[in-house]
Amino acid sequence: MQFSKFGEKFNQYSGITQLMDDLNDGLRTPGAIMLGGGNPAAIPAMLEYFHQASEELLASGELVASMANYDGPQGKDVFVKNLAKLFKQTYGWDISEKNISLTNGSQSGFFYLFNLLAGTQTDGSHKKILLPLAPEYIGYGDAGIDEDIFVSYRPEIELLDNGQFKYHVDFEQLKVDDSVAAICASRPTNPTGNVLTDEEVQKLDKLARENNIPLIIDNAYGLPFPNIIFEDVKPFWNENTILCMSLSKLGLPGLRCGIVIASEEITQALANMNGIISLAPGSFGPTIANHMIEKDDLLDLSSNVIKPFYHQKSQRAVELLQQAIPDPRFRVHKPEGAIFLWLWFDELPITTMELYRRLKARGVLIVPGEYFFIGQSEDWEHAHQCVRMNYVQDDDKMSTGISIIAEEISKAYLSK
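Described in the following lines is the structure provided in the data block.

**Quick look at the nonpolar core**
Reasoning step 1: By size, the foremost hydrophobic cluster in this structure holds 129 residues, and its most contacted members are Phe-114, Ile-259, Tyr-310, Phe-345, Met-389 and Ile-405.
Reasoning step 2: Ile-259 has contacts with Phe-79, Leu-83, Ile-100, Ser-101, Leu-102, Phe-225, Leu-243, Cys-244, Met-245 and Leu-247, leaving out every residue within four places of it along the chain.

**Observations regarding a nonpolar patch on the surface**
Reasoning step 1: On the surface, Phe-6, Phe-10 and Ile-145 cluster together to form a nonpolar patch covering roughly 260 Å² of accessible area.
Reasoning step 2: Topologically, Phe-6 is positioned in helix H1 (residues 5-10).
Reasoning step 3: Take Phe-6: its relative accessible area is 46%, and that puts it in the partly exposed class.

**Some remarks on the pattern of salt bridges**
Pairing between side chains of opposite charge can happen when their charged atoms approach one another.
Reasoning step 1: Counting across every chain of the model gives 20 salt bridges.
Reasoning step 2: For the salt bridge of Glu-336 with Lys-334, the shortest nitrogen-to-oxygen distance reads 3.8 Å.
Reasoning step 3: Since its relative accessible area comes to 2%, Glu-336 is described here as buried.
Reasoning step 4: Judged by its relative accessible area of 27%, Lys-334 is partly exposed.
Reasoning step 5: One salt bridge connects Glu-354 with Arg-358, and the closest N-O pair in it is separated by 2.9 Å.

**Considering the sheet that holds strand S7 (residues 164-168)**
Reasoning step 1: Across the sheet, which stays open at both edges, the six strands sit in the order S6-S7-S12-S13-S16-S15 with mixed pairing between neighbours. Each edge of the sheet is formed by a strand with only one pairing partner; in this case those strands are strand S6 (156-159) and strand S15 (367-368).
Reasoning step 2: Here S6 pairs with S7 via four bridges, running antiparallel. Across the sheet, residue Leu-159 finds its bridge partner in S7, namely Phe-165.
Reasoning step 3: In this fold helix H10 (residues 298-324) packs onto S7, strand S12 (330-333), strand S13 (340-345) and strand S16 (386-390), with an angle of close to 25° to the strand it touches most, S13.

**Here we look at helix H7 (residues 198-210)**
Reasoning step 1: The end-to-end C-alpha separation of H7 is 18 Å, in line with the 18 Å expected for 13 residues at 1.5 Å each.
Reasoning step 2: Here H7 has its buried residues at Glu-200, Val-201, Leu-204, Asp-205, Leu-207 and Ala-208. Buried positions in H7, seen along its axis, are confined to an arc of 165° and lie on one side of it. The exposed residues of H7 that point more than 90 degrees off its buried face are Glu-199 and Glu-210.
Reasoning step 3: Looking at the buried residues of H7, the elements they touch are S7, strand S8 (180-186), strand S9 (215-218) and strand S10 (241-246).
Reasoning step 4: Immediately beyond the C-terminal end of H7, within one or two residues, lies Asn-212, with a positive phi of roughly 55°.

**Topic: unusual backbone geometry**
Reasoning step 1: Put simply, Arg-187 and Pro-188 share a cis peptide bond, and its omega is 0°.
Reasoning step 2: Its place among the elements puts Pro-188 in the loop between S8 and H7.
Reasoning step 3: Along the chain, Phe-225 connects to Pro-226 via a cis peptide bond; the corresponding omega equals 10°.
Reasoning step 4: If you trace the backbone, Pro-226 turns up in the loop between S9 and S10.
Reasoning step 5: Its identity is not glycine, yet Leu-279 carries a phi of approximately 70°, on the positive side.
Reasoning step 6: Along the chain, the position of Leu-279 falls in the loop between helix H8 (264-278) and helix H9 (284-294).
Reasoning step 7: Phi is positive for Ala-338, which is not a glycine, with a value near 65°.
Reasoning step 8: Of note, Ala-338 is situated in the loop between S12 and S13.

**Observations regarding the packing of aromatic side chains**
Reasoning step 1: Following the criterion strictly, the structure yields 18 aromatic pairs and no others.
Reasoning step 2: Considering the side-chain rings of Tyr-49 and Phe-50, the 6.0 Å spacing of their centres and the 75° angle between planes classify their relative orientation as edge-to-face.
Reasoning step 3: By relative accessible area, Tyr-49 is classed as buried at 13%.
Reasoning step 4: Looking at Phe-50, the relative accessible area reads 9%, which means it is buried.
Reasoning step 5: Summarising the aromatic geometry, the rings of Phe-114 and Tyr-140 are spaced 5.4 Å apart at their centres and angled 85° between planes, so their arrangement reads as edge-to-face. One end of the pair, Phe-114, is in helix H6 (residues 106-117); the other, Tyr-140, is in the loop between strand S4 (126-131) and strand S5 (150-152), with 26 residues separating them in the sequence. Comparing Phe-114 with Tyr-140 shows no difference in burial state: the two are buried.

What counts and how
- Residues numbered from 1 in each chain as written.
- Predicted model: local features only at pLDDT ≥ 70, side-chain atom pairs only at ≥ 80, totals over all residues.
- Heavy atoms only, no water.
- Core = buried A, V, L, I, M, F, W, Y, C linked by side-chain atoms within 4.5 Å.
- Buried < 20%, exposed > 50% of the residue type's maximum accessible area, 1.4 Å probe, protein only.
- Contact = heavy atoms within 4.5 Å.
- Patch = residues over 30% accessible without salt bridge, like charges linked within 9 Å, V, L, I, M, F, W, Y side chains within 5 Å.
- Areas by Shrake-Rupley, 256 points an atom, 1.4 Å probe, with all protein chains shown as cover.
- Salt bridge = Lys/Arg side-chain N within 4 Å of Asp/Glu carboxyl O.
- Helix = DSSP H or I, 4+ residues; strand = E, 2+ residues; numbered from the N terminus.
- Pairing = 2+ DSSP bridges.
- Axes fitted to C-alpha atoms, helices over the stretch in contact; angles between N-to-C directions.
- Expected span 1.5 Å × (residues − 1).
- Arc of directions from axis to C-beta.
- Phe/Tyr/Trp six-rings, centres within 6.5 Å; stacked < 30°, edge-to-face > 60°.

Written out as structure tokens, the structure is:
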């Protein structure tokens, strides 16, 4: 069969496809240790809350109504209005329902945004999305209809005590010219758990404004919900910012609800794209989230249940890793947020793609670092020395998985 150019592009087997295949295969494979995918933890208190909320919504008729009717292409009206009101009252943002649109998952939202802004322009020129700090989220990599829509820069690496390190944006090398359509960064960063400082965000905002381009912040793990962020930083939004959020990491990934907070012009464009591509976003997720707002539970649960759960899990995972891998060439990126640890094996004599294959053969799934260095003009040895590890498994599975990682790392180093 002959596919179109679009078909050939999106029929390829990509990094994000492999990640989701591994996630699905692992769920079906007894004994598999899932340290790779991005599925959130099954937090008992949150599962109980969603069970109770669903019963209440079913009893009131709202749940069935949400499934039996289309919403508009911008998304469920009552949720969008209440969310705008929440942000305005809590943070003083100059925002209304005209600044918020919903998508069928944040992955869809980024596909819309990247292709709305980057690629071939109406004047025939080609523009790109600038990622100020790589590594970045694996799901961005193949999201462009056109090829070559990303440019990224290597970070500064700060070596910390206790076998840790931290990435920083290298503003000295950052270059914005007419070929850049937008700046995009995740905060906290998937895959590393890095959190851009308030100062870094302010500098990126200034850079975006000076060049009359938007700043896109991927806030899937950030403030104010689900608040899987362990640093003392402030939420950020203004009309030049496109803030992308999600219900997934609240514990609702199956409901596929992305939230985009932007200017009225961007909001209208996304609503138009929703109408053409999917008619309307799904209603189930917004119905649950609106219930959480009306009960004043959304921010409270994020701060007092979700955040401390993940913070404790991250600290425990670091402890297990450092006990299992005492080699001084091993470092962990400082866990500042998100649900992953970023492991750096300096001087590793094999690539992390090979490490991934060896671990998968032993039933342990991680994600090789090569996939996350999107938009790089030159190959970088560091990119072949890092892996992403999800730390949400229970202690027994995590400990077993880390022991197997330690064994394979020791074998690799001894083979040098």
